[in-house]
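# Topology and contacts: notes
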Amino acid sequence: MNAIHQPPQPTELTTAKLLINGEFTESKTSHWQEIINPATQQVLGKVPFATADEVNAAIAAAQQAFKSWRHTPIQARMRMMLKLQELIRSNLKRIAQVLSAEQGKTLADAEGDIQRGLEVVEHACSIGTLQMGEYIQGVAQGIDTYSIHQPLGVCAGITPFNFPAMIPLWMFPMAIVCGNTFVLKPSEQDPLSTMMLVELAMQAGVPAGVLNVVHGGKEVVDLLCTHQDIKAISFVGSTAVGTHVYNLAGQHGKRVQSMMGAKNHVVVMPDAHKEQTLNALVGAAFGAAGQRCMALSVAVMVGETKHWVNDLVDKAKTLQVNAGHEPNTDVGPLISQRAKARVMELIHSGVEQGAELLLDGRNVEVKGYEQGNFVGPTIFNHVDTQMRIYNEEIFGPVLVIMHVDTLEQAIQLINANPLGNGVGLFTQSGSTARTFQNNIDVGQVGINIPIPVPVPFFSFTGSRGSKLGDLGPYGKQAVQFYTQTKTITSRWFEDDQEASAVNTTIDLR
Ligand code: NAD
């Protein structure tokens, strides 16, 4: 029998602190929630649901700090990001331990979560060129036009449980490096690793009030969405909550980006590299226990690839289900008992609605972690578009398989799905890939890549039902989101210049 390893324990961080005006403080609320290790049910700490006064104080601190922060030279802001990236790099393993303990993902995946966020911080270090405006001389006689990108003011971010490092790092570094101040509301399910990153930001020299943190749930989120001093809201999470946030904050005149749920398909063509493809499908469907917004949910097998299904199942059977900190774990636990119950219920619905259950992860046993929220890799074959396992985001290690005869049918199927976060195609044909990328109506496309998350020089570009708001997180779009473009048309007169006549017509130049 394999040895059981002691899960890592956060030491100092047993209650998640608020950060208001540069001070890490204990909330005065009476409403607390436990932070639980999903593999063991061990309580790691407590998170407060901040009071309205505390949220208002955080926003007021951000509003006050904006007055001077917006005038801080861009090189000074950039240098803080340089320092922050260095601090994150040197603390990466320590944060990954806590992240794995509170979220459940494997240590390697926890490091990846931080690494992907770190890349956004690295990109923020080039804000000097990213935030540049444009200038054109001589739009008319003696007239020049130029644009500048000015910070908006106080911005807020609301983040989900599945990437407690990467997603907060999509938001606050880009917002503050552009000259805004920020109020972050991390996921209440796993806020400890997020707080470690926030502490590093303060160590990097971010001034009091520029970055603030409040914890909580709906009440705190709704207050952020309706507060008059907040100019923009970045949300990442489920479709139901994201739609609510988009509507509420929009009604209150805020700029909003809302990145939401997904149902990601991968199309497998008969000319695909079989081994590479099946390995990629298994990794993308079951890695992080399927709790990635870009996780593979639906494999669309074209033509003869229907005969590959048994090999796919055999590969999935080799995955090790275990606690995230155990060596060689492939699939960790789900975030909560509630999440597990939901996934189990959806698997049950698949059976009830007539899908063929090829691999059933419901009765998986994990020695030493019998209380963990584990579901093993689960595969359904012959799924149709009427089934709940096709229509709902499962957010667990469940892959559904569908069959079509042609690429065109695959494209039609995917384009009819309301969600549009990510999609993949496996083929060895350039022309098939080109047809696919041109005709598929999904925001992020992978060609022989199952999880096509763009690097931070680009932006995260989920589309259709997976996103509300025009501009995505990080990259150039984040700079546009967190700034107001102002266009200036100017003319300077010589002191002795003869005045032109009054002109009451539109100047057509
Ligand atoms: P969630 O919607 O439950 O929670 C997200 C945030 O909203 C949390 O901070 C939470 O405290 C808050 N919240 C929860 N209920 C609320 C309510 N009723 N009113 C206001 N705020 C509320 O999402 P989650 O379960 O933490 O994360 C998983 C979801 O996030 C999945 O649907 C996944 O696809 C999605 N996600 C999307 C992306 C993307 O970029 N599209 C990235 C990561 C995760």
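Residues numbered from 1 in each chain as written. Predicted model: local features only at pLDDT ≥ 70, side-chain atom pairs only at ≥ 80, totals over all residues. Heavy atoms only, no water.

This next bit is on the sheet that holds strand β5 (residues 134-140). Spatially, β5-β6-β22 is the arrangement adopted by the 3 strands of the open sheet, whose pairing is antiparallel. Only two strands of the sheet have a single partner each, and these edge strands are β5 and β22 (483-491). For this sheet, the mean inter-axis angle between neighbouring strands, taken without regard to orientation, is 25°. As paired elements, strand β6 (residues 143-151) and β22 share 9 bridges and run antiparallel to each other. (Pairing = 2+ DSSP bridges. Helix = DSSP H or I, 4+ residues; strand = E, 2+ residues; numbered from the N terminus. Axes fitted to C-alpha atoms, helices over the stretch in contact; angles between N-to-C directions.)

The next subject is the site of the ligand. Lining the immediate environment of the ligand, one finds 28 residues, of which K185, E188, S238, M260 and E393 sit closest. Between K185 and the ligand, the recorded distance is 2.7 Å, taken from a side-chain N or O atom to an oxygen atom. E188 places a side-chain nitrogen or oxygen 2.6 Å from an oxygen atom of the ligand. For the ligand, the protein covers 87% of the area, taking 850 Å² as the surface of the free molecule. (Near = heavy atom within 4 Å. Polar contact = N/O pair within 3.5 Å; in protein donor to acceptor, adjacent residues only side chain to side chain. Areas by Shrake-Rupley, 256 points an atom, 1.4 Å probe, with all protein chains shown as cover.)

Of all 5 residues in strand β7 (residues 154-158), 5 are buried, a share of seventy percent or more. Because side chains alternate across β7, one face comprises the buried residues V154, A156 and I158, and the other comprises C155 and G157, equally buried. Bridge count between β7 and strand β8 (residues 181-185): 5 bridges; the pairing is parallel. Residue pairing for β8: A156 is matched across the bridge by V183. Once you follow β7 into helix α5 (residues 166-177) and on to β8, the crossover reads as right-handed. Two strands pair when backbone bridges link them, and β7 and strand β10 (residues 230-236) are joined in this way by 5 bridges, in the parallel orientation. Note on β10: the bridge partner recorded for C155 is A232. (Buried < 20%, exposed > 50% of the residue type's maximum accessible area, 1.4 Å probe, protein only. Right-handed = clockwise from strand over helix to strand, strands pointing away.)

It is worth spelling out the sheet that holds strand β14 (residues 356-359) at this point. Spatial ordering of the open sheet is given by β14-β15-β16-β13-β12-β18-β19, a layout of 7 strands whose pairing is mixed. Each end of this open sheet is capped by a strand with a single partner; those strands are β14 and β19 (444-447). Here the average twist between neighbouring strands, direction ignored, is 20°. Bridge analysis of strand β13 (residues 296-302) against strand β16 (residues 398-404) gives 5 bridges, and the strand direction is parallel. Counted as the bridge partner of V300 is M402 from β16. Most of the contacts of helix α13 (residues 407-416) go to strand β12 (residues 264-268), to which it runs at about 180°, and overall it touches β12, β13, β16 and β18 (422-426). (Contact = heavy atoms within 4.5 Å.)

Two side chains bearing opposite charge may form a pair once their charged atoms approach each other closely. Overall, the coordinates contain 15 salt bridges when judged by the stated rule. Of the charged contacts in the structure, one is a salt bridge between K83 and E86, with a shortest N-O distance of 3.5 Å. Remark: E86 and K83 occur in helix α2 (residues 74-103); sequence separation between them is 3 residues, near one turn of the helix. Residue classification places E86 among the partly exposed residues on the basis of a relative accessible area of 42%. As a salt-bridge pair, E122 and R89 come within 2.3 Å of each other at their nearest N and O atoms. (Salt bridge = Lys/Arg side-chain N within 4 Å of Asp/Glu carboxyl O.)

Turning our attention to the confidence of the model for the chain. In regions of low pLDDT, the predicted coordinates are not meant to be interpreted in detail. Predicted confidence across the chain gives a mean pLDDT of 96, with 98% of residues reaching 70 or more. The lowest-confidence element of the chain is helix α4 (residues 127-130), averaging 95 in pLDDT; the highest-confidence one is β8, averaging 99. (pLDDT = per-residue confidence, 0-100.)

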